Amino acid sequence: MEEQHSNLLRQYRSKFVQSVEVDRLYPMLVKTKVLSVAETSIIDQLPSQQERVGRLLDILPTKGRLAFESFCLALETTYPHLLTVMFLGSTSIIQLQHKGECES
């Protein structure tokens, strides 16, 4: 994984840990061979959802250059708003969405 991609995962780690359910990401990550079924089973043994997301985020940088792309594809289909947050920076987008909702 490229360093800039690892940096993005670190930068938005707390947002992912708060919002993501790893089992929703597994189909894409297994399909693209970023994770094996055995690895998903190991992650699933952790007691909390936050720990499972944290472990996934720890594993991804060790999985080669396509891991970040697969992670983004998984986010695109399951958590598109998080993909937007990661690439465009959350505060300005969330503020604009919130402002639009308040004006409606």
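In case you missed it, the structure is sitting above this.
Residues numbered from 1 in each chain as written. Predicted model: local features only at pLDDT ≥ 70, side-chain atom pairs only at ≥ 80, totals over all residues. Heavy atoms only, no water.

Visitor: Could you give an account of the pattern of salt bridges, with specific residues and numbers?
Guide: Counted according to the given criterion, the structure contains two salt bridges. For D58, the salt bridge is made with R13, and the minimal N-O distance between the two is 3.0 Å. Of this pair, D58 sits in helix α5 (residues 49-59) while R13 sits in helix α2 (residues 13-19), and the two are 45 residues apart along the sequence. According to the relative accessible area criterion, R13 is partly exposed, its value standing at 29%. The salt bridge involving K63 is made with E39; its shortest N-O contact spans 2.6 Å. Here E39 lies in helix α4 (residues 37-44) and K63 lies in the loop between α5 and α6 (66-78), a separation of 24 residues in the sequence. Residue E39 is classed as partly exposed on the basis of its relative accessible area, which comes to 21%. (Salt bridge = Lys/Arg side-chain N within 4 Å of Asp/Glu carboxyl O. Helix = DSSP H or I, 4+ residues; strand = E, 2+ residues; numbered from the N terminus. Buried < 20%, exposed > 50% of the residue type's maximum accessible area, 1.4 Å probe, protein only.)

Visitor: Now, about helix α1 (residues 3-11): what can you tell me, with residues and values included?
Guide: Those residues of α1 that sit buried are H5, S6, L8 and L9. Taken around the axis of α1, the buried residues stretch over an arc of 155°, which confines them to a single face. Seen from the open side of α1, the exposed residues pointing more than 90 degrees away from its buried face are E3, Q4, R10 and Q11. Summarising the contacts, the buried residues of α1 are in contact with α2, α5, α6 and α7 (80-88). (Arc of directions from axis to C-beta. Contact = heavy atoms within 4.5 Å.)

Visitor: I'd love a proper account of the side chain of S6, names of residues and values included.
Guide: With respect to the secondary-structure elements, S6 resides in helix α1. Those residues within four positions of S6 in sequence are excluded, and the remaining contacts are M1 and P61.

Visitor: Lay out helix α3 (residues 22-31) with the relevant residues and their values.
Guide: Taken as a whole, α3 has its buried residues at V22, L25, Y26 and L29. The buried residues of α3 occupy one face: seen down the axis, they fall within an arc of 125°. In α3, the exposed residues that point more than 90 degrees away from the buried face are P27 and K31. Packed against the buried residues of α3 are α4, α5 and α6. Positive phi shows up at K33, right after α3, with a value of about 65°.

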